Amino acid sequence: MSLFVLDEKKKFKGKLDLINCSARRYYSFFDLHLKNKLNIVPIIAVDFSLANLTFEEGNMCIHTLKPGSPNDYIDALNSVQDAMRSFTKFSMCYGIGARTQEGEGPACNLLSMTGDFEDPFVSTSDELINCYAGTIKTVRLALPVNFMNVIKFVCDLAQHEYGTVSDVTEIKNYYKLVILMAGVIDDFQDSLNEILRAANLPISVTIVKIGANSQDNDSMLLMKKSDEAFAQSERVFINMFEFEKYKHSHEEYNALLKQKFKFDLMSDLPK
């Protein structure tokens, strides 16, 4: 096949011969979601560690269940579940950093907020908040604050999914991990290593910082340490948001910020 090259006056300048050519079809993420029935699997992890203690007057813990007292975890959980509703009918909910048994042992690094590790699924915001409140009443805040286990758990699910298909278009599940945390990470390097695994797996990770910001914010440091992986990756696979920035004393403006938060939560899904 020959193509003739003309200048701006349509005079012959040369000839380009095409000896071999081919066409490839590229799938967008939403092609896979809509046409191949790709499931988006939301996995929500809540920090129940002692890092949630605060010295604010009248409110010693961010995880308060006192009537009339604000609880940013509840507000954030409602927004997360609402944002996911357009993509899926269920979420999986887990806890981190709580002591689940009597005694003074270390914190459990991965627990089901439903109370059943084989059935961590919730389908509505009310069900999610009831599981959250039930967890608060039955566990004790503890240390250390280790996130590696929940990130590894999700990466292992995605690795199994990715390793059993011959074509990327055959993948049936894409995992969306949302971590709600106070900002302290005790197993920093281990958590970072697991997050970097997500760059090449069908996973997006969103970290939501709950509570007032401080100098000791490991979540911000985690993002900075991940910059090199971001530069090498073809997509944004991790985001971090400070929930404080989505709050306002004016009711109408606060509602708009909550809508923006829901939109931002899904911004790291592939295009």
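Here, every reference points to the structure presented above.
What counts and how
- Residues numbered from 1 in each chain as written.
- Predicted model: local features only at pLDDT ≥ 70, side-chain atom pairs only at ≥ 80, totals over all residues.
- Heavy atoms only, no water.
- Helix = DSSP H or I, 4+ residues; strand = E, 2+ residues; numbered from the N terminus.
- Buried < 20%, exposed > 50% of the residue type's maximum accessible area, 1.4 Å probe, protein only.
- Contact = heavy atoms within 4.5 Å.
- Lys, Arg positive; Asp, Glu negative; His and termini not counted.
- Charge placed at Lys NZ, Arg CZ, Asp CG, Glu CD.
- Patch = residues over 30% accessible without salt bridge, like charges linked within 9 Å, V, L, I, M, F, W, Y side chains within 5 Å.
- Areas by Shrake-Rupley, 256 points an atom, 1.4 Å probe, with all protein chains shown as cover.
- Salt bridge = Lys/Arg side-chain N within 4 Å of Asp/Glu carboxyl O.
- Phe/Tyr/Trp six-rings, centres within 6.5 Å; stacked < 30°, edge-to-face > 60°.
- Axes fitted to C-alpha atoms, helices over the stretch in contact; angles between N-to-C directions.
- Left-handed = near helix turned anticlockwise from the far one by under 90°.
- Nonpolar A, V, L, I, M, F, W, Y, C, P; charged D, E, K, R; others polar.
- 1 Å grid on protein atoms, 1.4 Å probe; cavity = no way out; pocket = protein on both sides within 12 Å on 5 of 7 lines; lining within 4 Å.
- Points joined across faces, edges and corners; volume = space filled by probe spheres on them.
- Polar contact = N/O pair within 3.5 Å; in protein donor to acceptor, adjacent residues only side chain to side chain.

### Regarding the overall build of the protein chain
- Helices and strands together make up the secondary structure of the protein chain, namely 8 helices and 13 strands.
- With the principal axes as the frame, the protein chain shows a C-alpha extent of 85 × 45 × 35 Å.
- Counting every position in the protein chain, which comprises 271 residues, the buried fraction comes to 46%.
- The contacts of the protein chain with a sequence gap of at least 6 include a subset with a gap of at least 24, amounting to 72%.
- Charge separation in the protein chain, taken as the distance between the mean sites of 29 positive and 36 negative side-chain charges, equals 10 Å.

### Here's the deal with a nonpolar patch on the surface
- Together, Met 1, Leu 3, Val 5, Leu 16 and Leu 18 make up an exposed nonpolar region whose accessible area comes to about 440 Å².
- Here Leu 16 shows up in strand S2 (residues 12-17).
- Residue Leu 16 is classed as partly exposed on the basis of its relative accessible area of 44%.

### Examining the packing of aromatic side chains
- All told, the structure shown has 10 aromatic pairs when counted by the stated rule.
- Residues Tyr 73 and Tyr 132 carry aromatic rings whose centres are separated by 6.3 Å and whose planes lie at 25 degrees to one another, so their mutual orientation is stacked. A residue pair is termed long-range when its members are at least 10 positions apart, and Tyr 73 in helix H2 (residues 72-84) and Tyr 132 in helix H3 (residues 125-138) qualify at 59 residues.
- Assessed through its relative accessible area of 0%, Tyr 73 is described here as buried.
- For Tyr 132, a relative accessible area of 0% gives the class buried.

### Quick word on the packing of H2 against H3
- Orientation of H2 relative to H3, taken along the N-to-C sense of each, is 145 degrees, at an axis distance of 9 Å. Where H2 crosses over H3, the handedness of that crossing is right-handed. Seen from H2, the contacting residues are Tyr 73, Ile 74, Leu 77, Asn 78, Gln 81 and Asp 82; seen from H3, they are Ser 125, Leu 128, Ile 129 and Tyr 132.
- Looking at side-chain class alone, the contact of H2 with H3 contains 6 nonpolar, 3 polar and 1 charged residues.

### Examining empty space enclosed by the protein
- Overall, the coordinates contain 1 cavity of 30 Å³ or more when judged by the stated rule.
- In this structure, the largest cavity is lined by Phe 147, Ile 151, Ile 179, Met 181, Ile 185, Ile 195, Ile 207 and Leu 222.

### Considerations on the side chain of Asp 268
- By the element assignment, Asp 268 lies in the segment after helix H8 (251-265).
- Looking at Asp 268, its side chain comes within polar contact range of the side chain of Lys 176, at 2.5 Å.
- Within the structure, Asp 268 has its side chain in polar contact with the side chain of Thr 206 (distance 2.9 Å).
- Other than its neighbours up to four places away in sequence, Asp 268 contacts Tyr 174, Lys 176, Ser 204, Val 205, Thr 206, Val 236, Phe 237 and Asn 239.

### Structural notes on the pattern of salt bridges
- Tallied over the full model, the rule gives 12 salt bridges.
- Across the salt bridge formed by Arg 197 and Asp 156, the nearest N and O atoms sit 3.2 Å from each other. Taken together, the residues span a long stretch of sequence, with Arg 197 in helix H5 (residues 188-197) and Asp 156 in helix H4 (residues 148-163) at a distance of 41 residues.
- Residue Asp 156 is classed as partly exposed on the basis of its relative accessible area of 32%.
- Shared partners join several salt bridges into a network, and the residues in it are Lys 152, Asp 156, Glu 194 and Arg 197.

No statement about biological role is implied by the geometric values presented.
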